[in-house]
Amino acid sequence: MAKLPILEFPDERLRTKAVPVETVDDEVRQLVDDMLETMYDARGIGLAATQVDVHRRVIVMDVSDERSSPLVLINPEFTPIGDEREPLQEGCLSIPEYYADVPRALRVHLKALDRDGQPYELEADGLLAHCIQHEHDHLEGILFVDYLSSLKRDRVLKKMQKRHKMLQDA
Ligand SMILES: [Zn+2]
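Residues numbered from 1 in each chain as written. Predicted model: local features only at pLDDT ≥ 70, side-chain atom pairs only at ≥ 80, totals over all residues. Heavy atoms only, no water.

(A) View of the coordination of the zinc ion. Taken together, the protein ligands of the zinc ion are Cys92 (SG), His134 (NE2) and His138 (NE2), with distances of 2.0 to 2.3 Å. Written as a sequence motif, the donor residues of the zinc ion are C-x41-H-x3-H. With Cys92 in strand S4 (residues 85-92) and His138 in helix H2 (residues 126-139), the pair connects residues that are 46 residues apart, well separated along the chain. (Donors = N, O, S within 2.8 Å, 3.2 Å for Na, K, Ca; no water. Helix = DSSP H or I, 4+ residues; strand = E, 2+ residues; numbered from the N terminus.)

(B) Looking closely at the pairing of strand S5 (residues 95-105). Here seven bridges tie S4 to S5, and the two strands are oriented antiparallel to one another. In the sheet register, Cys92 faces S5, and the bridge partner there is Ile95. Remark: two residues form the turn of the hairpin made by S4 and S5, two consecutive strands paired antiparallel. (Pairing = 2+ DSSP bridges.)

(C) A look at the sheet that holds strand S1 (residues 46-48). In spatial order, the strands read S1-S2-S3-S6-S7; together these five strands make up an open sheet with antiparallel pairing. Because the sheet does not close on itself, it has two edges, and the strands there are S1 and strand S7 (119-125). Strand-to-strand twist across the sheet, computed as the mean angle between neighbouring axes with direction ignored, equals 40 degrees. Taken together, the seven bridges between strand S6 (residues 107-113) and S7 define a ladder with antiparallel strand orientation. By the bridge assignment, Arg107 is partnered in S7 with Asp125. Where helix H1 (residues 26-41) meets the sheet, its contacts fall on S1, strand S2 (58-61) and strand S3 (71-80), and the angle it forms with S2 comes to roughly 40 degrees. Here H2 sits on the sheet in contact with S1, S2, S3, S6 and S7, set at roughly 120 degrees to S7. (Axes fitted to C-alpha atoms, helices over the stretch in contact; angles between N-to-C directions. Contact = heavy atoms within 4.5 Å.)

Given below as structure tokens:
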């Protein structure tokens, strides 16, 4: 396994729309394993392939407290159940140290393939439902700051520019 570099906002590559995985082969499984290692190392609860500059529809997640329940979503599709929405505080490994409330569907029905290419379905609510929608957005080139006011987004942009300058100067 290998840790992968994570792209950070406002990197334009985060705006790439990912293409579906045709076959879940060893190369895809390697990607999944590397993404899981990268996510756990960064203490994230979800990571989309887009964030490691691989533009295929692959997501890994683990919303458990014990960090022991990895979930693999290949070619995920979800539909909201009902029209209840709730705001929940979100963060993103591509926008470190920034958090904001984002309203999303409270419950979703998910269809995806697992690490072995087997189809599965599940119903999610709360944090898992939010995480599915957040990560799915990445595959579409959407970031959670896109839902904020332009004033807030500008502030995030400035903060990130400062961070990248600091990292460069270090
Ligand atoms: Zn994210």
